Amino acid sequence: MEIREQLESLVGAALTAAVEDGSLAVQEIPDPSLERPRDESNGDWASTVALRLAKQAHKAPRDIAQVIVEHIPANTVIASTEIAGPGFINFRLSDSVLQTVVRTVREEAEGYGRGTVDEGMRKVNLEYVSANPTGPLHVGHGRWAALGDAMARVMRHAGYDVYEEFYINDHGTQMDVFGNSVSVRYMQQLGHDVEMPEQCYGGSYVGDIAAEIIQRDGDKYESMSDQERMEAFREIAYREMLDLQKNILGRMGTTFDRWFSERSLYVPDEAGETAVSRSLAAMADKGYVYEKDGATWFKSSALGDEKDRVLIKANGEMTYFMSDVAYHYDKMQRGFDHLIDLWGADHHGYIKRCECMLEAWGWPGALEVVLGQLVNLYRDGEAVRMSKRTGEMVTLEELVDEVGVDATRYLMLSRSSDQPIDFDIEVAKKKDNSNPVYYVQYAHARICSLLRKAADPTDARAVEAGELSMNELAKKLVPEGADLSCLTHPAELALMRKMDEFAALVAQAARDRAPFRLTHYAQDLAALFHSFYTSCHILSEEEPVRGARLALADATRIVLALSLNLLGVSAPEKM
RNA sequence: GCGCCCAUGGCUCAACGGAUAGAGCAUCAGACUUCUAAUCUGACGGUUGCAGGUUCGAGUCCUGCUGGGCGCGCCA
C-alpha cells in the first residue's frame with residue numbers, strides 16, 4: 001500500500017472513532033483532506049480537515065485537530081504529529097516507512113506510480129496535430145505533437161486507455177487549391193507563362209514538388225487539361241506531404257493509433273450511407289437540423305451557441321464543420337467514453353459549436369477541447385518568423401535538425417499549455433545548466449556511471465558491450481533485500497519523499513492534462529539527487545551503507561527514466 | 001463591439017482555495033588530489049497589473065477596470 005493510502009486510512013480511522021464516541025459532532029465522516037505542505041518544515045503530509053469542519057462542528061479548528069490527533073491509532077507510519085497554525089495537522093513520516101519507497105520503486109520498476117481509472121471514463125480518444133496535408137509541419141505543430149504524445153503517455157500511466165488519432169484534412173477545396181498550386185509551378189518550370197493565383201500556396205516546397213515530378217515523369221502531365229493535372233498533382237503532392245509529416249512526427253517519437261482521413265467520411269457503405277449522412281440523420285432525429293436560404297443548418301443556438309451553423313452550403317458543398325460533425329459522431333460510435341481534441345488557441349471560437357453538436361446527440365460533456373497557446377520562435381532574443389530555406393514559417397524538421405528531439409520536446413513540454421512559449425533556438429541548443437533537459441538527463445547518466453563503477457570488471461564490460469542492461473546490472477549489484485534502515489541522512493530522506501510523491505503527481509498531471517508538471521518534478525528529483533550525490537559518498541562506504549545508497553541511487557534512476565519516458569525524452573546512460 | 005486566454009523577483013516559470021508566495025537563469029561570494037564540476041553550497045532579489053467583493057483563510061473564486069495575445073465566414 002502506498003504511504004499516502006496508509007496515512008489516509010489512519011486519519012480516516014481517527015475521524016470515525018471521534019465521531020462514534022461523540023467527541024466530534026458532525027453528520028458524516030469527512031474526508032481526511034491530506035495534502036503535501038508547500039514548506040517542508042510543516043511536515044511530509046498535512047490534513048486540513050479540522051479547518052474544514054470548524055463551522056459544521058461549532059468548534060475552534062485547533063480543538064478539532066486535537067481531538068483527531070488523540071484518536072489516531074498506534075502505528076509505525078507517523079513519526080510525529082503536530083497541530084500548527086490555524087488548525088493544520090502536520091505529519092512527519094517515520095524513516096522506516098520512507099525507506100520502503102526504495103524497495104517499492106525497484107520492485108515495480110517501470111510500473112511504479114501506475115494508477116487506475118473508473119470504468120466509464122477510461123476509454124479516451126485523443127486527437128491532435130491534425131494538420132492539413134498541404135505543407136510541412138511548422139514549429140507550432142511540434143508543440144501539439146509533443147504535448148499530445150506526452151498527454152497520452154501520462155494518461156496511460158495514470159490508468160486511462162488512450163487511443164491517439166490524427167485527423168487528415170484531405171477533403172475539400174484546400175486540397176484542390178494545393179493541387180492547382182503545384183500545377184502552376186509545374187507549368188512555369190516547363191516554360192509556360194502562367195501566374196500563381198492569389199489564394200494559392202506560395203511556399204517554395206510547392207515548387208520543389210513540381211521539380212520532383214518533372215525529374216521523375218518529365219512533361220507527361222503537360223498536355224492534360226488544367227482540371228486533370230490539378231487532380232493528378234493533388235494526389236501526388238498529398239501523399240508526399242503526408243509522408244513528410246509522418247516522417248517528422250516519427251522522428252519526434254510521436255506515433256498515432258490511427259490516421260483518420262476526412263475523405264473516408266464521404267465514402268458510402270453498402271446501404272449507400274456515409275458517415276456524413278449518418279451523423280446528419282442522427283442530428284435531425286433530435287430536431288436540430290433545418291433548411292434556410294437553400295442551405296442546411298445546425299440549430300446550435302438552441303444549445304447556447306451564439307448563432308446557427310451551416311452544414312451544407314446552398315451550392316450543395318459540405319462545410320468543414322459538416323466533416324467535423326461526421327468525424328465526432330464516428331468517434332462516439334466507436335465506443336469512447338470521452339473525446340479530447342487538442343487545438344491551437346486560434347481555434348477557440350470553434351469550441352462552442354463542437355460541444356453543441358455532441359450535446360445535440362445526447363452526449364453533453366463528452367468532448368473536451370484542450371487549447372494550446374502558440375509558440376514564438378527566437379534566436380538570441382530576436383524574433384524569428386522566416387525560415388532561411390523556404391522563406392516561410394520555420395518547419396518542425398528544421399527546428400529538430402538544429403536543436404535535437406530531446407531539447408525540442410522538453411522545452412515544448414515545460415510550460416502549461418495555456419501559456420505561450422517563447423522558444424529561443426540558441427538557448428535550446430546550449431548544453432549547459434540553462435537548459436533543464438540536460439540537467440535531468442545528466443542526473444540519470446551520473447547514476448548509470450555510478451552503477452558501472454560499482455560493478456565488477458566482467459559486468460562492466462558486459463554493460464559496455466550492450467550485453468547487460470542497466471536494470472539487470474542494478475539487480476545484480478543490489479539485491480532486493482538490502483538493508484535500507486541506514487538511509488537517514490537529510491538528503492536521502494528528501495530523495496525518498498520526492499519519489500513517494502510520484503504516483504500522486506502522475507494522477508494530477510493526467511487529470512489536468514498537464515504533462516508540464518512532470519518536467520518540474522523531474523528537475524526537482526534530479527536536483528535532490530545531485531545534492532545527495534555531493535553530500536553522501538557511496539562507493540567508498542562500507543556495507544550496509546554502500547548497498548543501501550546504491551539501492552537509493554538505483555531507485556532514483558528508475559523514477560528519472562520513467563519521468564523522462566512519460567515526457568517522450570530519452571534517458572541516456574552516458575553523457 | 002462581443003467572446004476566449006493571459007498578467008507573479010531583472011528574465012523564464014511554479015504554487016488540488018491553505019501556513020512565512022517557491023524554483024531555474026542572470027548577478028555576487030564560495031567548493032574539484034575524492035563515485036561525471038553538464039555538479040554542489042550560500043547571498044541578493046516580491047505591495048502576485050489596479051480597485052472592490054465572497055470566507056476561518058485569496059496569487060488562486062466573483063465583479064469592474066488597465067495592459068497584452070487570439071477569435072468572431074454558406075473559409076479550411
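Residues numbered from 1 in each chain as written. Chains lettered and ligands numbered in written order. Predicted model: local features only at pLDDT ≥ 70, side-chain atom pairs only at ≥ 80, totals over all residues. Heavy atoms only, no water.

Draft legend 1. Examining the sheet that holds strand β13 (residues 375-379) more closely. Taking strand neighbours across the sheet as the criterion, the three strands line up as β14-β13-β15 in an open arrangement whose pairing is mixed. In this open sheet, the two edge strands, each paired with only one partner strand, are β14 (382-383) and β15 (421-424). Examined bridge by bridge, β13 and β15 share four bridges and lie parallel to one another. Opposite N376, over in β15, you have D422 as the bridge partner. Sheet strands touched by helix α13 (residues 405-413): β13 and β15. Its angle to β15, the strand with the most contacts, is close to 155 degrees. (Pairing = 2+ DSSP bridges. Helix = DSSP H or I, 4+ residues; strand = E, 2+ residues; numbered from the N terminus. Contact = heavy atoms within 4.5 Å. Axes fitted to C-alpha atoms, helices over the stretch in contact; angles between N-to-C directions.)

Draft legend 2. Seen up close, the protein's contact with RNA strand B. In the neighbourhood of RNA strand B, 62 residues make up the surrounding shell, with E35, H348, Y439, Y442 and R446 lying closest. In RNA strand B, the atoms that sit within 4 Å of the protein are 59% sugar and phosphate, with bases accounting for the remainder. Between H348 and RNA strand B, the recorded distance is 2.6 Å, taken from a side-chain N or O atom to a base nitrogen. For the surface near RNA strand B, the elements supplying multiple residues, two or more each, are α2 (49-57), β4 (88-93), α6 (173-189), β9 (295-298), α15 (436-454) and α20 (516-535). (Near = heavy atom within 4 Å. Polar contact = N/O pair within 3.5 Å; in protein donor to acceptor, adjacent residues only side chain to side chain.)

Draft legend 3. Region of interest: the confidence of the model for chain A. Scored by pLDDT, chain A comes out at a mean of 91, with 98% of its residues at no less than 70. For this predicted complex, the interface score ipTM comes out at 0.93, while the overall pTM is 0.93. (pLDDT = per-residue confidence, 0-100.)

Draft legend 4. Structural context of the sheet that holds strand β6 (residues 161-168). Strand order in the open sheet formed by five strands is β7-β6-β5-β11-β12, with parallel pairing between adjacent strands. In this open sheet, the two strands that pair with only one neighbour each are β7 (258-261) and β12 (367-372). Across this sheet, the average inter-strand angle for adjacent strands is 25 degrees, counted without regard to direction. Relative to β6, strand β5 (residues 123-127) runs parallel, the two sharing five bridges. What sits directly across from K123, in β6, is D161. Seen against the sheet, helix α10 (residues 320-333) touches β5, β6, β7, β11 (338-344) and β12 and runs at an angle of roughly 155 degrees to β6. Each of β11 and β12 is contacted by helix α11 (residues 351-360), which is oriented at about 165 degrees to β12, the strand it contacts most.

Draft legend 5. Inspection of a negative patch on the surface at higher detail. Judged by side-chain charge, E2, E5, E107, E108 and E480 come together as a negatively charged surface patch. Of note, E107 is situated in helix α4 (residues 95-108). (Patch = residues over 30% accessible without salt bridge, like charges linked within 9 Å, V, L, I, M, F, W, Y side chains within 5 Å. Areas by Shrake-Rupley, 256 points an atom, 1.4 Å probe, with all protein chains shown as cover. Salt bridge = Lys/Arg side-chain N within 4 Å of Asp/Glu carboxyl O. Lys, Arg positive; Asp, Glu negative; His and termini not counted. Charge placed at Lys NZ, Arg CZ, Asp CG, Glu CD.)

Draft legend 6. Inspection of the domain arrangement of chain A at higher detail. When cut into domains, chain A gives domain 1 (3-93), domain 2 (173-251) and domain 3 (436-566). The C-alpha-based centres of domain 1 and domain 3 are spaced at 33 Å. (Domains from an automatic or database assignment.)

Draft legend 7. Quick peek at the packing of helix α18 (residues 490-500) against helix α21 (residues 545-567). For the pair α18 and α21, the least separation of the axes is 11 Å and the interaxial angle reads 35 degrees. Note that α18 runs across α21; the crossing there is left-handed. Residues E492, L495, M496 and M499 of α18 touch α21, and the partners they reach there are R549, L552, A555, T556 and V559. Across the contact of α18 with α21, the residue classes tally to six nonpolar, one polar and two charged. (Left-handed = near helix turned anticlockwise from the far one by under 90°. Nonpolar A, V, L, I, M, F, W, Y, C, P; charged D, E, K, R; others polar.)

Draft legend 8. Region of the structure containing unusual backbone geometry. Between E543 and the following residue, P544, the backbone shows a cis peptide bond with an omega angle of 5 degrees. One can find P544 in the loop between α20 and α21. Of note, A109 is a non-glycine position whose phi angle comes to about 50 degrees, a positive value. Residue position: A109 is located in the loop between α4 and β5. The class for A109 is buried, based on a relative accessible area of 18%. (Buried < 20%, exposed > 50% of the residue type's maximum accessible area, 1.4 Å probe, protein only.)

Draft legend 9. Molecular detail of the nonpolar core. Counting residues in hydrophobic clusters, the biggest one holds 135 residues, and the most contacted among them are L24, V129, F423, M499 and F502. With 13 residues, α21 is the largest single contributor of residues to this core. Beyond its immediate stretch of four places on either side in the chain, M499 contacts V101, V105, Y112, Y521, L525, L552, A555, T556 and V559. Core analysis: the second largest hydrophobic core is formed by 35 residues, Y266, F321, I351 and L367 among them. (Core = buried A, V, L, I, M, F, W, Y, C linked by side-chain atoms within 4.5 Å.)

Draft legend 10. Fine view of the packing of aromatic side chains. For the structure on display, the rule yields 25 aromatic pairs. Here Y167 and Y327 contribute two aromatic rings whose centre-to-centre distance is 4.1 Å and whose plane-to-plane angle is 10 degrees, an arrangement assigned as stacked. Of this pair, Y167 sits in strand β6 while Y327 sits in helix α10, and the two are 160 residues apart along the sequence. Accessibility expressed as a relative area gives 1% for Y167, which makes it buried. A relative accessible area of 0% places Y327 in the buried class. Summarising the aromatic geometry, the rings of Y320 and Y350 are spaced 6.3 Å apart at their centres and angled 50 degrees between planes, so their arrangement reads as tilted. Of this pair, Y320 sits in helix α10 while Y350 sits in the loop between β11 and α11, and the two are 30 residues apart along the sequence. Following the ring pairs from residue to residue traces out a cluster consisting of Y288, F298, Y320, F321, W343 and Y350. K246 extends its terminal NZ or CZ atom over the ring of W259, reaching a point 4.8 Å from the ring centre. Directly above the ring of W297 sits K292, whose terminal nitrogen or CZ lies 5.1 Å from the centroid. (Phe/Tyr/Trp six-rings, centres within 6.5 Å; stacked < 30°, edge-to-face > 60°. Lys NZ or Arg CZ within 6 Å of the ring centre and 35° of its normal.)

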